[in-house]
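Per-entry structural report
As a plain string of letters, each chain reads:
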Amino acid sequence: MGIFTQGSAGMAKPFLRGKTYWARAQRNGRTFRRSLRTSDFAIAKDRMRQWLKQLDAEAWGDRAKYTFEEASEKFIAEHYPSLKPASRKRYGISLVHLNLHIGPKDITEIGSAEMSAFETARRSAGASAPTIRRDLACLSSVMTSCEDWEWLDDGKNPVPAFLKRRARRGLKESPPNRRYLTEDEEIALLKAATPMVRAAMAIAIDTGLRREELFSLRWSQVDIARGMITTTTKTKNGRARVVPLPSRSAQFMLQRPQHIRSEFVIRHDNGDRVLQMNRGLKGAIRRANIPDLSWHDLRRTAGCRWLQRDRRSMEEVSLLLGHSSIKVTESVYAFLDEEEAATRTFPATGTAD
């Protein structure tokens, strides 16, 4: 058994050298020391436990065994700080479900049978195929990390092959949504909305801001004179960007001046920020008799207008929307090329029989 610096309650503890925690253990008369490479006690204690487990296994010529739950904890401690906010949220949800079903499993025992059982359980709970694929993509990221940590042999991540097989049987991403507003639909929708909802929808269409970016927008980010909005770094990809502020949206903003106790542009009368406008959107949709529309479709409308009406390049639209790469923008708006090709007229090349 490893012998570590003891705490007051007799429990093994890491010890500090400067600002970094270290661990110490003895094996067959030899003393082993190792930097735990952190100044956080909780992380150090977890790493110390894992190191001791590895030493015990190596003493018997075995590889240490780790559960998926242990792998999840290490993944969270080491990789969460480098993930985008949206990825952290998505991975957090997936890890809850994965640990519920396979947490106690040894990572070397996770294979097709376990993933099939997980898929069945998630479907029974009402999860869609794209959601299950995202859960399994999270599992794959953890398993790849296990390879990096030498907890798992290289090439033993079973998830990619499983997803490839299951994609042929329905476990695949949904096709991209193509819905966007025509100009006539936009006029009808804005006319049918209440004043605050009308302003928010118009700004969403004009700027392409994501819903959270719009509802968390503060006056300090708005430059009316220059016609620009600067987002914060709390975006989906963690990068700030500048988007245009057309005169229509600027006028909507100025019609509702700043609140004495609130910095939010879109706000309630008491100054509180708006969290969502689903009820207001649904009411406007119903009164305008416009089918099948979500809040995100307003952002897609912005991208379509920039590409079709303003003839901006795909690179420009990618920057304005804050996509992680131009490939994302091209995949989202590829359907516009199909629509243009379908409506294009060609000169007649022959006569009808």
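Every chain begins its residue count from 1, and numbering advances along the sequence as written. Confidence filtering applies because this is a predicted model: local features only for residues at pLDDT of at least 70, side-chain atom pairs given and counted only at 80 or more, and all residues used for totals across whole chains, interfaces and linings. Side-chain metrics in this entry use all non-hydrogen atoms of the structure; hydrogen atoms and water are not considered.

Here we take up the sheet that holds strand E7 (residues 228-230). By the convention used here, strands pair only if DSSP detects at least 2 bridges between them. Segments assigned H or I by DSSP are reported as helices when at least four residues long, segments assigned E as strands when at least two residues long, and all are numbered from the N terminus. Taken in spatial order, the three strands make up an open sheet running E6-E7-E8, and their pairing is antiparallel. Every other strand in the sheet has two partners, leaving strand E6 (222-223) and strand E8 (242-244) as the edge strands with one partner each. Both E7 and E8 contribute to a ladder of three bridges, which runs antiparallel. Pairing of Ile229 across the sheet is with Val243, part of E8.

Let's shift gears to the packing of aromatic side chains. We call Phe, Tyr and Trp rings a pair once their centres come within 6.5 Å, taking the six-membered ring for Trp, and we label the pair stacked below 30 degrees between planes, edge-to-face above 60, and tilted otherwise. In total, this model carries eight aromatic pairs according to the counting rule given. Considering the side-chain rings of Phe75 and Tyr91, the 5.8 Å spacing of their centres and the 35 degrees angle between planes classify their relative orientation as tilted. Highlighted residues: Phe75 in helix H2 (residues 68-79) and Tyr91 in helix H3 (residues 85-102), separated in sequence by 16 residues. Note on Phe75: relative accessible area 4%, which makes it buried. Of the residues examined, Tyr91 reaches a relative accessible area of 18% and is grouped as buried. On the basis of an interplanar angle of 50 degrees and a centroid distance of 5.4 Å, the ring pair of Phe215 and Trp295 is categorised as tilted. Of this pair, Phe215 sits in helix H9 (residues 211-215) while Trp295 sits in the loop between helix H11 (278-288) and helix H12 (296-308); the two residues are 80 residues apart in sequence, bridging distant segments of the chain. Each residue is placed in one exposure class: buried if its accessible area under a 1.4 Å probe, protein chains only, is under 20% of its type's maximum, exposed if it is over 50%, and partly exposed if it falls in between.

Within a regular beta strand, the side chains point alternately toward one face of the sheet and then the other, so they alternate between its two faces. Side chains of strand E4 (residues 20-27) alternate between two faces, with Tyr21, Ala23, Ala25 and Arg27 buried and Thr20, Trp22, Arg24 and Gln26 left unburied. Hairpin connection between strand E3 (residues 15-17) and E4: a loop of two residues separates the two successive antiparallel strands, and Gly18 in this loop has a positive phi of roughly 70 degrees. Summarising the sheet, E4 and strand E5 (residues 30-35) pair through six bridges and their orientation is antiparallel. The residue bridging Ala25 from the neighbouring strand is Phe32, located in E5.

Taken in spatial order, the three strands line up as E3-E4-E5 in an open sheet, and their pairing is antiparallel. The open sheet has two free edges, formed respectively by E3 and E5, since each of these has just one partner strand. Neighbouring strand axes in the sheet, compared pairwise and without regard to direction, differ in orientation by 40 degrees on average. Lines fitted to the C-alpha atoms define the axes, with helices restricted to the stretch that makes contact. Angles between their N-to-C directions range from 0 to 180 degrees.

Within helix H13 (residues 314-321) the residues assigned to the buried category are Val317, Ser318, Leu320 and Leu321. Mapping the buried residues of H13 onto a view down its axis gives an arc of 165 degrees, with all of them on the same face. The contact rule is simple, with two residues in contact once any of their heavy atoms fall within 4.5 Å. Buried positions along H13 lie against E8, H12 and helix H14 (326-332). Phi turns positive, to about 75 degrees, at Gly322, one or two residues after H13. Starting at the helix axis, one direction is taken to each C-beta atom, and the arc is that of these directions.

So, on to unusual backbone geometry. Positive phi, close to 65 degrees, is recorded for Glu150, a residue that is not glycine. Looking at where Glu150 falls in the secondary structure, it is placed in the loop between helix H5 (129-148) and helix H6 (159-167).

Moving on, we come to the packing of H5 against H6. Interhelical geometry of H5 versus H6 gives an angle of 160 degrees and a closest axis separation of 9 Å. When the axis of H5 is compared with that of H6, the two are roughly antiparallel. The segment H5 lies against H6, with Arg133, Leu136, Leu139 and Ser140 engaging Val159, Pro160, Phe162, Leu163 and Ala167. Here the nonpolar group is Ala, Val, Leu, Ile, Met, Phe, Trp, Tyr, Cys and Pro; Asp, Glu, Lys and Arg are the charged ones; every other residue, Gly included, is treated as polar. Here the contact of H5 with H6 is built from residues that sort into seven nonpolar, one polar and one charged. Angle categories are assigned with fixed cut-offs, so that under 35 degrees is roughly parallel, over 145 is roughly antiparallel, 65 to 115 is roughly perpendicular, and the rest are oblique.

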